[in-house]
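The residues making up each chain are set out below.
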Amino acid sequence: MSLKVAVVGATGNVGHEMLNILEERQFPATEVVAIASRRSQGREVSYGDRKLKCQSLENYDFSGTDIVMMSAGGSVSKEWSPKIAKAGAVVIDNSSTWRMDPDVPLIVPEVNADAIAGYTKKNIIANPNCSTAQLVVALKPLHDLAQITRVVVSTYQSVSGTGKDAMDELFNQTRAVFVGDPITREIYPKQIAFNVIPHGGDFMEDGYTTEEWKMTVETKKILDPKIKLTATSVRVPVFVGHGEAVHIEFARPISDKQARKVLRESPGILVVDKREDGGYVTPVECVGDFATFVSRIRVDPTVENGLALWVVSDNLRKGAALNAVQIAEVLNTKYLAKVA
């Protein structure tokens, strides 16, 4: 089935990657439309070798569009996703707006692709938070093997997860350090260059932040509501690529050898785990790749049936744009093609 696809937020980091990945994976679209705010109308964005002129969200007619990939922020999605869905398109939304709606499936295709069937309730499918997506890809095969009971995660999240302005802030602060200029802050509450900030999102009454809360509730919805999870989200001076130190407790015994084997055999995962200098993957090395990389797999001797591992992925790809395109691929193959 050939489809008409629209990308809303086409001028942003994630929207740009969505267009790249649609072309790279040769998604069967007869037409791809770039959509942005009124102020970006007419601006050109790349789609493979072609240039697309952005059309205005406020004036675009979505009738006849099959899939809309929404990456324009929560307030825009809250207003426009229901309108677009009512016009007949299936919305794949990258914001946090619809993730915990019980009538909206929250999807990572390697983990819970069958849940996409629930899209018919609202014609909306939610993409998880970028740090959650790579985590559950790594957890799923281990959960199937030995049943995860508890997870402790410390994230090392790149600034691209906050957006282009945050990337500019890291660049400008880094340059300012070298030339002796004053450090200016606009996006983050503290200097990000040559620093780490234990703060993602907004603070909640219990002391956790919204980034940490998202990882907890999204993992439960995607993988298993019985899993206990606690997270500490840390922003680091890296442009692209999230890292996660993950400590897992299981109901049944599991060895590092068993974990390594099942992870190597699982979709979307590449294991790079040599116990030597450089025998692991860092965020810089994962940029531009589709995979979720797992390294440093080892037994955690401080708990019964425990493992520790290191997970990295390109947050603009698997954490956002790639996951959305993979959802569209499943949607097309299993559901829309049948309707046609």
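Provided above is the structure to which this section pertains.
In this report, the structure presented in the accompanying data block is examined. (Residues numbered from 1 in each chain as written. Predicted model: local features only at pLDDT ≥ 70, side-chain atom pairs only at ≥ 80, totals over all residues. Heavy atoms only, no water.)

A look at helix α4 (residues 130-146)
Keep this limit in mind: Helical segments are the DSSP runs of H or I of at least four residues, strand segments are the runs of E of at least two, and each set is numbered from the N terminus. Multiply 1.5 Å by the residue count of a helix minus one, and that product is the helix's expected span. Two axes enter the definition of the bend at a residue: one is fitted to the seven residues ending there, the other to the seven starting there, and the bend is the angle between them. Any residue under 20% of the maximum accessible area for its type is buried, any over 50% is exposed, and the rest in between are partly exposed; the area is computed with a 1.4 Å probe on protein chains only.
With 17 residues, α4 ought to run about 24 Å at 1.5 Å a step, and its terminal C-alpha atoms sit 25 Å apart, in line with that. Along its length, α4 reaches its greatest deviation from straightness, about 35°, at Leu-139, and the proline Pro-141 lies no more than four positions downstream. Taking burial as the measure, the 17 residues of α4 include 14 buried ones, the bulk of the element.

Considerations on the nonpolar core
Stated formally: Residues grouped as a nonpolar core are buried Ala, Val, Leu, Ile, Met, Phe, Trp, Tyr and Cys residues, joined through side-chain atoms within 4.5 Å.
Counting residues in hydrophobic clusters, the biggest one holds 52 residues, and the most contacted among them are Phe-62, Leu-142, Val-151, Val-246 and Ile-248. Looking at this core, the element that brings in the most residues is α4, giving eight residues. The next biggest cluster of nonpolar side chains, apart from the first, holds 47 residues, and it includes Ala-10, Tyr-47, Val-159 and Met-167.

Thoughts on the sheet that holds strand β5 (residues 55-56)
The pairing of strands in a sheet happens through backbone hydrogen bonds and is either parallel or antiparallel. How we decide: By definition, two strands form a pair when at least two bridges between them are found by DSSP. Contact between two residues is taken to exist if any of their heavy atoms lie within 4.5 Å; hydrogens are not considered. Axis definition: a line fit to C-alpha positions, over the contact stretch in the case of helices; interaxial angles, taken between N-to-C directions, run 0 to 180 degrees.
Pairing is parallel across the open sheet formed by six strands, whose spatial order is β5-β2-β1-β6-β7-β8. A strand with exactly one partner marks an edge of an open sheet, and here the two such strands are β5 and β8 (124-126). Note: strand β7 (residues 90-93) against β8, three bridges, orientation parallel. If you follow Val-91 over to β8, its bridge partner there is Ile-124. Sheet contacts for helix α1 (residues 13-24): β1 (3-8), β2 (29-36) and β6 (67-70); angle to β1, the most-contacted strand, approximately 155°. Packed onto the sheet, helix α2 (residues 74-86) meets β6, β7 and β8 and runs at close to 180° relative to β6.

Some remarks on the packing of α4 against helix α6 (residues 210-222)
Under the convention used in this document: Roughly parallel covers angles under 35 degrees, roughly antiparallel covers those over 145, roughly perpendicular covers 65 to 115, and oblique covers all other angles. By definition, any crossing whose near helix is turned counterclockwise from its far helix by less than a right angle is left-handed, and any crossing with a clockwise turn is right-handed. Each residue gets one of three labels, nonpolar for Ala, Val, Leu, Ile, Met, Phe, Trp, Tyr, Cys and Pro, charged for Asp, Glu, Lys and Arg, and polar for the others, Gly among them.
The contact between α4 and α6 brings their axes to 9 Å, and the two run at 40°. Looking at the two axes, α4 sits oblique to α6. Our pair here, α4 against α6, has a crossing hand that is right-handed. Counted together, Ser-131, Thr-132, Leu-135, Val-136 and Leu-139 of α4 and Glu-211, Lys-214, Met-215, Glu-218, Thr-219 and Ile-222 of α6 form the full contact between these two elements. Grouping the constituent residues of the contact of α4 with α6 by class yields five nonpolar, three polar and three charged.

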